[in-house]
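If you want the building blocks of each chain, they are given just below.
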Amino acid sequence: MNFLFQLGHQPLISTAEIQAVFSSLKLKNIKTLKQNSNQYLLIETNKKLDSAKLIKQLGGTIKIATEIPPLIKGGEGGLLTHLQEYLITNCPTGKIEYSLNDQRLALELKKALKTNGYSVRYIEPKNTATILYNKLVEKKSDLTVINKQIFVTTALQPFEEMAERDYQRPDSDDLSGMLPPKLAKIMINLALSPFYQEGAGLPDMPSRQAGGVAEGAGVIKNKILLDPFCGSGTILNEATLMNFNNLIAADISEKAVVDSEKNFLWLKEKYNLKNIGCQFIISDATQLTKKIKNNSVTLIVTETYLGKPLTGRENKNQLEKQLTELKSLYLKACQEFYKILEPQGVIVIAIPKFKIGNDWLAINWEKDLKKIGFEIMPFRVETQNFASLLYHRPNQHLGREIYRFKKS
Ligand SMILES: C[S@@+](CC[C@H](N)C(=O)[O-])C[C@H]1O[C@@H](n2cnc3c(N)ncnc32)[C@H](O)[C@@H]1O
């Protein structure tokens, strides 16, 4: 069966995330498609996918859709006939309401249905909110046509819930910067995939329902996840919702640790969650072995300290100086991470990359990481491997470069 994933605004990262989540499956076909400003990932698998669970697991996917087999009830003819057949069969009585990504085709379809005597309403899919508020997923009538294949949306990203977690938590630190919850989720998925066994089938989606008791589903059962630069705790909160039950939050700033704890308690109460252990530690990341036992942590997922906030007026020398200082901090911290990680423990880390004009200034640290004893685990995107992935919004001077490596 063919599944279509509409990708978020960082399509490369979204694709890497989907491939990471599916890394234990042998996907027959996987390719990215582009239409207008949207990008999609098309995958073929004979496994049944639970879209509702999957969409909660993924941070970088806007919608999931499944292919409608081309001939319904033995109908013949082109795309328009197939679309009509689908909508009529799907809504045998009452008004047919639908949306379709291709506006020209959508209006042709409306005309054809009206001519055939049906009462019909076309809803222009301006954004996911339009689809949500018109209940088009429940009505099975949000359609995407791409490469002459028709897909019906089966799940939409819970964007309201995610925005609430982003903006309504009690404490935040706008100055140090907060990781978007979507990116936190993506980073956790990227960190988890090395633990999925190839050929083992689809991993047990560790996505928690409100009121759920943390049992640590599947591969993450009882594994410790640490964020050593926790800030206001975005990664911890997303990990909690992904069913981790053993967390450590650390930061050099007392305020950050207090904020993280408040945000964690807010989340626990809001989702009525039980049985989750989170330790809150005030510590410099370069001194962590004083507070955390050696060989005890399985996963480190973190966005590091990104340096002094940029104005955009810094010159190359200033930025290079800042990167040198940051690199030294990160490598000292990584030496500590190496000690507290279990053998084969995995780190997914976001570090800064500065944009200056059309150029990028990056931290080149791969050789240093190898010297410490880490092995870079590249990200798979379609058939290519990337040592790092860049998360960047246009007009921002700062990008986040995401790396994954393990203690080898
Ligand atoms: C970019 S913020 C992390 C934001 C976090 N991901 C969030 O979403 O809230 C970086 C954090 O690193 C902390 N920090 C800076 N230097 C540190 C060090 N040497 N050890 C540990 N934490 C440090 C800062 O206090 C800050 O909270």
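Basis of the calculations
- Residues numbered from 1 in each chain as written.
- Predicted model: local features only at pLDDT ≥ 70, side-chain atom pairs only at ≥ 80, totals over all residues.
- Heavy atoms only, no water.
- Axes fitted to C-alpha atoms, helices over the stretch in contact; angles between N-to-C directions.
- Helix = DSSP H or I, 4+ residues; strand = E, 2+ residues; numbered from the N terminus.
- Parallel < 35°, antiparallel > 145°, perpendicular 65-115°, else oblique.
- Left-handed = near helix turned anticlockwise from the far one by under 90°.
- Contact = heavy atoms within 4.5 Å.
- UniProt positions renumbered as here; feature names shortened; annotations may be inferred.
- Buried < 20%, exposed > 50% of the residue type's maximum accessible area, 1.4 Å probe, protein only.
- Pairing = 2+ DSSP bridges.
- Near = heavy atom within 4 Å.
- Polar contact = N/O pair within 3.5 Å; in protein donor to acceptor, adjacent residues only side chain to side chain.
- Areas by Shrake-Rupley, 256 points an atom, 1.4 Å probe, with all protein chains shown as cover.
- Nonpolar A, V, L, I, M, F, W, Y, C, P; charged D, E, K, R; others polar.
- Salt bridge = Lys/Arg side-chain N within 4 Å of Asp/Glu carboxyl O.
- Core = buried A, V, L, I, M, F, W, Y, C linked by side-chain atoms within 4.5 Å.
- Domains from an automatic or database assignment.

### Here we look at the packing of helix 8 (residues 234-241) against helix 9 (residues 254-270)
And step 1. In the contact formed by helix 8 and helix 9, the axes pass within 9 Å of each other and the chain directions differ by 25 degrees. Viewed along their axes, helix 8 and helix 9 adopt a mutual orientation that is roughly parallel. Crossing of helix 8 over helix 9 shows right-handed handedness. Contact residues: Asn237, Thr240 and Leu241 in helix 8; Asn263, Phe264 and Leu267 in helix 9.

### A closer look at the UniProt feature "domain: Methyltransferase" (unreviewed entry) in the protein
And step 1. The feature "domain: Methyltransferase" (unreviewed entry), as annotated in UniProt, sits at residues 221-353 in this numbering.
And step 2. The span residues 221-353 is 38% helical and 26% strand by assignment, and the distance between its end C-alpha atoms comes to 34 Å.

### A look at the pairing of strand 7 (residues 142-146)
And step 1. In terms of residue burial, strand 7 counts as a mostly covered element, since 5 of its 5 residues are buried.
And step 2. The alternating pattern of strand 7 places Asp142, Thr144 and Ile146 on one face and Leu143 and Val145 on the opposite face, and all of these are buried.
And step 3. Where strand 5 (residues 96-100) meets strand 7, 2 bridges bridge the pair, whose relative direction is parallel. Paired with Leu100 across the two strands is Leu143, which belongs to strand 7.
And step 4. Pairing between strand 7 and strand 8 (residues 149-156): 4 bridges, direction antiparallel.

### A closer look at the site of the ligand
And step 1. Ser232, Thr234, Asp251, Ala285 and Glu303 are the nearest of the 22 residues found near the ligand.
And step 2. Leu179 is positioned such that a nitrogen or oxygen atom in its backbone is 2.9 Å from an oxygen atom of the ligand.
And step 3. In this structure, Asp284 approaches the ligand through a side-chain N or O atom, which is 3.1 Å from a nitrogen atom.
And step 4. Here the ligand has 600 Å² of accessible area as a free molecule, and 93% of this is covered by the chains.
And step 5. Per-class residue counts for the shell around the ligand are 10 nonpolar, 9 polar and 3 charged.

### Here's the deal with the pattern of salt bridges
When the charged atoms of two side chains with opposite charge come close together, those side chains can pair.
And step 1. Scanning all chains against the criterion turns up 16 salt bridges.
And step 2. Where Lys270 meets Glu164, a salt bridge forms, and the shortest distance between an N and an O atom there is 3.1 Å. Of the two residues, Lys270 sits in helix 9 while Glu164 sits in helix 6 (residues 159-167), which places them 106 residues apart along the sequence.
And step 3. The partly exposed category is assigned to Lys270, whose relative accessible area is 39%.
And step 4. On the basis of relative accessible area, Glu164 is assigned to the partly exposed category, the value being 24%.

### With respect to the nonpolar core
As a rule of thumb, nonpolar side chains are buried together in soluble globular proteins.
And step 1. Core analysis: the biggest nonpolar cluster contains 41 residues, and Met187, Ile188, Leu190, Leu225, Phe244, Leu247 and Ile402 have the highest contact counts within it.
And step 2. Element by element, the count of residues in this core is highest for helix 7 (residues 181-192), at 8 residues.
And step 3. The residues that make up this core include at least three from each of domain 1 (2-159) and domain 2 (171-407).
And step 4. For Leu190, the contacting residues outside a window of four places in its chain are Ala16, Glu17, Ala20, Val348, Phe379, Leu389, Ile402 and Arg404.
And step 5. Membership of the second largest hydrophobic core comes to 34 residues, among which are Ala250, Ile281, Phe337 and Leu369.

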